[in-house]
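# Architecture and fold: a report
The residues making up each chain are set out below.
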Amino acid sequence: MERANESSLMSFILLGFSDNPCLESALFVLVLFFYILTLVGNFAIIIISYVDPLLHTPMYFFLSNLSLLDLCFTTSLAPQTLVNLRGPEKTITYGGCVVQLYISLALGSTECILLAVMALDRYIAVCKPLHYVAIMNPQLCQQLASLSWLSGLSNSLIHATFTLQLPLCGNHRLNHFICEVPALLKLACVDTTVNELVLFVVSILFLLIPPALILISYGFISQAVLRIKSAEARHKAFSTCSSHLTVVIIFYGTIIYMYLQPGNSYAQDQGKFISLFYTMVTPTLNPIIYTLRNKDMKVALKTLLSKKLC
């Protein structure tokens, strides 16, 4: 009870980039710019995928889920980050930190699974085209999407709850600009072996197994594409798959570096910039990559804009 009362009254000081005020001003502009782009780009993909009947396919259903994820994920972090970058006080309430931790963990974990599901969709589309419609039926798509969201939620409930049970003994200076597990573990005044073990298991389940499955699926996809005789069909298959593969590389590259970086101060400073890229820039890149490299999406966007202008 005493620790609960202490937690309810405590706020965290987010050190972030406070040692460099000039950098904070520049980062405020960049974060605001990318946040607006994220909102516009991902809302556009969701609306276009819903309005255009030609895009009512499994691929765009999962892409809409990814866009919704990115919208929610960035919105759970960007407003607080902007307040701290702009204002003199770099604080977040204990309750705010808890909410931020649960939501960002759930959405980040969901995206790990969803990207693997999207790779499965591309594998079936390229390697089993004659059975694609029968296999990837709407019911299965909804089940796979639900599995992704529930997996992320389950991970968040377990992982965040384990972390929040740790006594902090008055430590409330968080060397980060957001509330995340590794930074909170450093504040604990007790042995964190069990928590680190949970973090290791979670990393295996969400950061190693999904990308391994994605790489295997793209190995089969590459073999299938190379056997296609039509140059146009081969180019379309490569173009569609390369968009997803680019997103996978950016997403997993940054998040794996975040969680596997060394513990020295230089690496921690680097980690803040990597985290900033992962949380603010990556959600902006996803709609850009899928729009620029996807002919169907570009045609649908032009059609929608022409109707609005008319």
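Residues numbered from 1 in each chain as written. Predicted model: local features only at pLDDT ≥ 70, side-chain atom pairs only at ≥ 80, totals over all residues. Heavy atoms only, no water.

### A short note on the packing of aromatic side chains
Applying the stated criterion across every chain, the model contains 9 aromatic pairs. Between F33 and F34 the ring centres are 5.4 Å apart and the planes differ by 70°, which places this aromatic pair in the edge-to-face class. Looking at F33, the relative accessible area reads 46%, which means it is partly exposed. Cluster of aromatic residues (ring-pair linked, three or more members): F73, F251, Y252 and Y278. R86 extends its terminal NZ or CZ atom over the ring of F28, reaching a point 5.2 Å from the ring centre. (Phe/Tyr/Trp six-rings, centres within 6.5 Å; stacked < 30°, edge-to-face > 60°. Buried < 20%, exposed > 50% of the residue type's maximum accessible area, 1.4 Å probe, protein only. Lys NZ or Arg CZ within 6 Å of the ring centre and 35° of its normal.)

### A closer look at the sheet that holds strand β2 (residues 91-93)
Read across the sheet, 3 strands follow the order β2-β1-β3 without closing on themselves; strand pairing throughout is mixed. Among the strands making up the open sheet, the edge pair consists of β2 and β3 (173-174). Pairing analysis gives 2 bridges linking strand β1 (residues 11-14) to β3, with the strands arranged parallel. Among the inter-strand pairings, I13 is bridged to a residue of β3, identified as R173. Here helix α4 (residues 94-127) sits on the sheet in contact with β1 and β2, set at roughly 85° to β2. (Pairing = 2+ DSSP bridges. Helix = DSSP H or I, 4+ residues; strand = E, 2+ residues; numbered from the N terminus. Contact = heavy atoms within 4.5 Å. Axes fitted to C-alpha atoms, helices over the stretch in contact; angles between N-to-C directions.)

### As for the pattern of salt bridges
Summed over all chains, the structure comprises 2 salt bridges. Close ionic contact of D121 with R122 constitutes a salt bridge, the shortest N to O distance being 3.0 Å. For D121, a relative accessible area of 1% puts it in the buried group. (Salt bridge = Lys/Arg side-chain N within 4 Å of Asp/Glu carboxyl O.)

### Observations regarding the nonpolar core
Residues F62, L115, I214 and Y252 are the most contacted members of the largest nonpolar core, which totals 62 residues. The element that contributes the greatest number of residues to this core is α4, accounting for 12 residues. Not counting chain neighbours up to four residues away, the residues in contact with L115 comprise L66, I214, H244, V247, V248, F251 and Y252. Among the nonpolar cores identified, the runner-up in size contains 22 residues, and I92, C97, L105 and L187 belong to it. (Core = buried A, V, L, I, M, F, W, Y, C linked by side-chain atoms within 4.5 Å.)

### Re the UniProt feature "transmembrane region" (unreviewed entry) in the protein chain
According to UniProt, the feature "transmembrane region" (unreviewed entry) maps to residues 26-48, 60-79, 99-120, 140-158, 197-221, 242-260 and 272-292 in the numbering used here. Each end of residues 26-48 is marked by a C-alpha atom, and these two atoms are 33 Å apart; helix forms 100% of the span and strand 0%. Along residues 99-120 one finds 100% helix and 0% strand; the C-alpha atoms at either end are 32 Å apart. (UniProt positions renumbered as here; feature names shortened; annotations may be inferred.)

### A closer look at the packing of α4 against helix α6 (residues 138-164)
Close contact between α4 and α6 brings their axes to 7 Å; oriented N to C, the two are set at 145°. Crossing handedness for the pair α4 and α6: right-handed. Its residues assigned to classes, the contact of α4 with α6 comprises 17 nonpolar, 9 polar and no charged. (Left-handed = near helix turned anticlockwise from the far one by under 90°. Nonpolar A, V, L, I, M, F, W, Y, C, P; charged D, E, K, R; others polar.)

### Side note on the state of the cysteines
Counted under the stated rule, the structure contains 1 disulfide. Each disulfide pairs two cysteine sulfurs, and for C97 the partner residue is C179, the sulfurs being separated by 2.1 Å. Between C97 and C179 the disulfide shows an S-S torsion of about -125°. By sign, it is left-handed. Taken together, the residues span a long stretch of sequence, with C97 in helix α4 and C179 in the loop between β3 and α7 (181-185) at a distance of 82 residues. Grouping residues by exposure puts C97 and C179 together as buried. The thiol of C112 is not disulfide-bonded; the next cysteine sulfur, from C72, is found 16 Å away. Of the residues examined, C112 reaches a relative accessible area of 1% and is grouped as buried. No disulfide involves C241; its sulfur sits 8.6 Å from the nearest other cysteine sulfur, which is in C127. (Disulfide = S-S within 2.5 Å.)

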